[in-house]
Amino acid sequence: MNGNPSSDKLGEELYLRFAEGDESAFAELVGLYRESLTMYIYSFVKDMYEAEDLMIDTFACLAEELGFEGRSSLKTYLFAIARHLAMRCLKKRRNRVHVSIEELVCEPGASGGSSPETDYLRGERRERLRNCMQKLKPEYSEVLNLLYFENMSYAGAAKTMKKTKKQIDNLTYNAKISLKAVMESEGFTYEEQ
């Protein structure tokens, strides 16, 4: 099934008008494909908010690159961009590690109605977490300490460590992966969130 040739032709006309500087044509183009593109992306990511964000990213790619050359229909081109973005999103999602350091670092007595036993166990977990962090690369340990024990912002950690925010984000991601491996090797059990 080839879709609706008249909407494909309209889409390509709108794209050409946009490429020539007609901003209103882009809004019409988005209106033409928005719903079907969002539902297509949703079939991969199974999250409507994420599908809508990726739909917007798809149109942003189209607008920024203006790379459509007519080798296929514009709809095919848009859906290929959307599929690529959805696959990239799924890959990132699979590689994401869900270690809830925030819960592990929670201060004893911080939750309103906690008991002495709960405070003790939380303190024990916190101590075990610090011991596991000592087994990490110094840079990993430092970034986790600044962010989760010192409650520093990413910007503050970046300034302290003389790194960019993006480098801090990457360091944190890698540090969490390493920490999870160390924690599992030490028999540390926790609930993933």
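Up top you'll find the structure we're talking about.
No experiment lies behind these values; they were computed from the predicted model shown.

(A) Region of the structure containing the overall build of the protein chain. Summing up its helical and strand segments, the protein chain has 9 helices and 0 strands in all. Looking at the protein chain residue by residue over its 193 residues, the buried ones come to 33%. Sequence-distant contacts, at least 24 apart, represent 55% of the contacts inside the protein chain between residues at least 6 apart. As displayed, the protein chain offers around 12,100 Å² of accessible surface, 51% of which is attributable to carbon and sulfur atoms.

(B) Summary view of the packing of aromatic side chains. Overall, the coordinates contain 4 aromatic pairs when judged by the stated rule. Aromatic side chains Phe18 and Phe26 sit 4.6 Å apart centroid to centroid with 40° between the ring planes, which places their arrangement in the tilted category. Across the pair, exposure class does not vary: Phe18 and Phe26 are buried alike. Considering the side-chain rings of Tyr40 and Phe79, the 4.9 Å spacing of their centres and the 45° angle between planes classify their relative orientation as tilted. Here Tyr40 is found in helix 2 (residues 23–45), whereas its partner Phe79 is found in helix 4 (residues 74–95), with 39 residues between them in sequence.

(C) Highlighting the nonpolar core. Ranked by internal contacts, the top residues of the largest apolar core, which has 26 residues, are Leu29, Leu37, Ile41, Val45, Phe59 and Leu62. Looking at this core, the elements that each hand over two or more residues are helix 1 (5–19), helix 2, helix 3 (48–65) and helix 4. Per element, the largest residue contribution to this core is 9 residues, and it comes from helix 4. Val45 has contacts with Glu50, Ala51, Leu54, Ala86, Cys89, Leu90 and Arg93, leaving out every residue within four places of it along the chain.

(D) Spotlight on helix 2. The axis of helix 2 is deflected most strongly, by about 50°, at Arg34. Along helix 2, the residues classified as buried are Ala25, Phe26, Leu29, Val30, Tyr33, Leu37, Thr38, Ile41 and Val45. Looking one or two residues beyond helix 2, the residue adopting positive phi is Lys46, at roughly 55°.

(E) Structural detail: unusual backbone geometry. The phi dihedral of Lys46 falls on the positive side, at around 55°, and the residue is not glycine. A positive phi angle, near 55°, is found at Lys162, a position not held by glycine. For Lys162, the location among the structural elements is in the loop between helix 8 (154–161) and helix 9 (165–185).

(F) Structural detail: the packing of helix 7 (residues 138–149) against helix 8. Two elements in contact, helix 7 and helix 8, have axes separated by 9 Å at closest approach and are oriented at 140°. Regarding the angle of helix 7 to helix 8, the classification is oblique. Here the hand of the crossing between helix 7 and helix 8 comes out right-handed. On helix 8, the residues that touch Glu139, Glu142, Val143, Leu146, Leu147 and Tyr148 of helix 7 are Tyr154, Ala157, Thr160 and Met161.

(G) Up close: the environment of Arg34. Assignment of secondary structure puts Arg34 in helix 2. On the accessibility criterion, Arg34 (44% relative accessible area) is partly exposed. Taking the C-alpha atoms as reference points, Arg34 and Met55, 21 residues apart in sequence, are found 7.1 Å from one another. Setting aside chain neighbours within four positions, we find Arg34 in contact with Met55 and Phe59.

So, how was this worked out
Residues numbered from 1 in each chain as written. Predicted model: local features only at pLDDT ≥ 70, side-chain atom pairs only at ≥ 80, totals over all residues. Heavy atoms only, no water. Helix = DSSP H or I, 4+ residues; strand = E, 2+ residues; numbered from the N terminus. Buried < 20%, exposed > 50% of the residue type's maximum accessible area, 1.4 Å probe, protein only. Contact = heavy atoms within 4.5 Å. Areas by Shrake-Rupley, 256 points an atom, 1.4 Å probe, with all protein chains shown as cover. Phe/Tyr/Trp six-rings, centres within 6.5 Å; stacked < 30°, edge-to-face > 60°. Core = buried A, V, L, I, M, F, W, Y, C linked by side-chain atoms within 4.5 Å. Bend = angle between axes of the 7 residues up to and from the residue. Axes fitted to C-alpha atoms, helices over the stretch in contact; angles between N-to-C directions. Parallel < 35°, antiparallel > 145°, perpendicular 65-115°, else oblique. Left-handed = near helix turned anticlockwise from the far one by under 90°.

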